[in-house]
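# Structure at a glance
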Amino acid sequence: MMRVCLILLWTMIVVQPHVPQGKAVQVFPPVNFTLTVSALARVLLRWKPNPNQEQKNYTVRYDVKILAPVSEEYDTKKTYSFQTAALHNGFSAHIRTLLFHNGVQMTSDWVTAELQPPPGAANTAVTNLSCATHFTIFSTVSLHCTWLPGKGAPEDTKYFLFYRYETCTEECQDYIKDKWNRNIECRFSVTHITPDEIDKLIVIHINGSSKYAAIRPFQQLFNQNAIEKVNVPRNVTVFLQQNDLLATWEKPISPFSKGCFEYEFYLINLKSGNKQTLKIYSNDVRLWIDVTCKYSIQIRANHHLCCRRGFWSDWSEILYVGENKQENFIAWILAVLCVSMCATIVLVGIICKM
């Protein structure tokens, strides 16, 4: 009987859940949670630990959830965080305290903060914003942007474009206008964009003014590699080697290495009209062709592997190889004439004999 009681007591101890000794720990949310616009499309989130929060023997972190404009969630041990986001539709986020102890996570309630959208009349912001960068022969980066005026923008609207890259912000000084004298295009021949960076963001901000309406600003973020207009491949050469077409070229002017590019090889048989587009991942190609035909060749380039694909380069200048041979057309005509003459002579001979 004693053994049975001991076994039952041991079983109760084993299966009994662990209950922390002492009073339960209360998790308090952070205080003084604020959002501050620190630069174009850049928000500083800042908060303070709750002074009532017990921290002895506990690890404290903070769960940050971005609600708008793009959902994102992460945790940090810091009491501040920076976010880059287009702010023309506002920004909102909430945060809570995370307490860790002996592998157990405890959470507080959420605390929310938001930035209201900037003022402006509906449909006055620009639309169809498109931008492209270009690596120049001077090892600098140019920037070109185009847009359309908002459908509700008055005819006297003046738009103004700014770009931000890292800590540098510049206003456009070179605009192209539409027939109502509104800015619809901007060019920066030189920028502070670093050409060999990977996946850095370019912020474009366009605001405006009018006598008749408040113009709503617009912001858009661009990956610098995704909007790069790649340069044309250099020193393209083509030649024939027996029945093969050989083509070689050099990588475009770029800070990226030779292996960072892919190419499209465009071949047209000018005799038959057949067209081929080949994907090439090296700087040369060898193809069997019909040497009795003439061909045109063009090549263009884009990023590959090293960074995000950009805009395809323009096609290289057209190069030609081969000739459209007539397949001994003259000899064929002479043979036909010879056969015809022989047949005529034989026919005349037969007539004369008759």
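Not measured: the values here are computed from a predicted model.

Conventions used here
Residues numbered from 1 in each chain as written. Predicted model: local features only at pLDDT ≥ 70, side-chain atom pairs only at ≥ 80, totals over all residues. Heavy atoms only, no water. Buried < 20%, exposed > 50% of the residue type's maximum accessible area, 1.4 Å probe, protein only. Helix = DSSP H or I, 4+ residues; strand = E, 2+ residues; numbered from the N terminus. Pairing = 2+ DSSP bridges. Salt bridge = Lys/Arg side-chain N within 4 Å of Asp/Glu carboxyl O.

## Notes on the pairing of strand S22 (residues 295–303)
Along S22, 8 of the 9 residues are buried, which leaves the element largely enclosed by surrounding structure. Looking at chain direction, strand S19 (residues 261–269) and S22 are connected through 9 bridges and run antiparallel. Across the sheet, Leu-267 pairs through a bridge with Ile-297, a residue of S22. Where S22 meets strand S23 (residues 319–321), 3 bridges bridge the pair, whose relative direction is antiparallel. By the bridge assignment, Tyr-295 is partnered in S23 with Val-321.

## As for the pattern of salt bridges
Considering all chains together, one arrives at 12 salt bridges under this definition. With its nearest N and O atoms 2.7 Å apart, the salt bridge here joins Asp-75 to Arg-61. You can see Asp-75 sitting in strand S4 (residues 72–76) and its partner Arg-61 sitting in strand S3 (residues 59–68), a full 14 residues away along the chain. According to the relative accessible area criterion, Asp-75 is partly exposed, its value standing at 41%. Between Glu-264 and Arg-300 there is a salt bridge, with the nearest N and O atoms lying 2.8 Å from each other. Of this pair, Glu-264 sits in strand S19 while Arg-300 is found in strand S22, placing the two residues 36 residues apart along the sequence. Through salt bridges that share partners, Glu-166, Glu-197 and Lys-200 make up one connected network.

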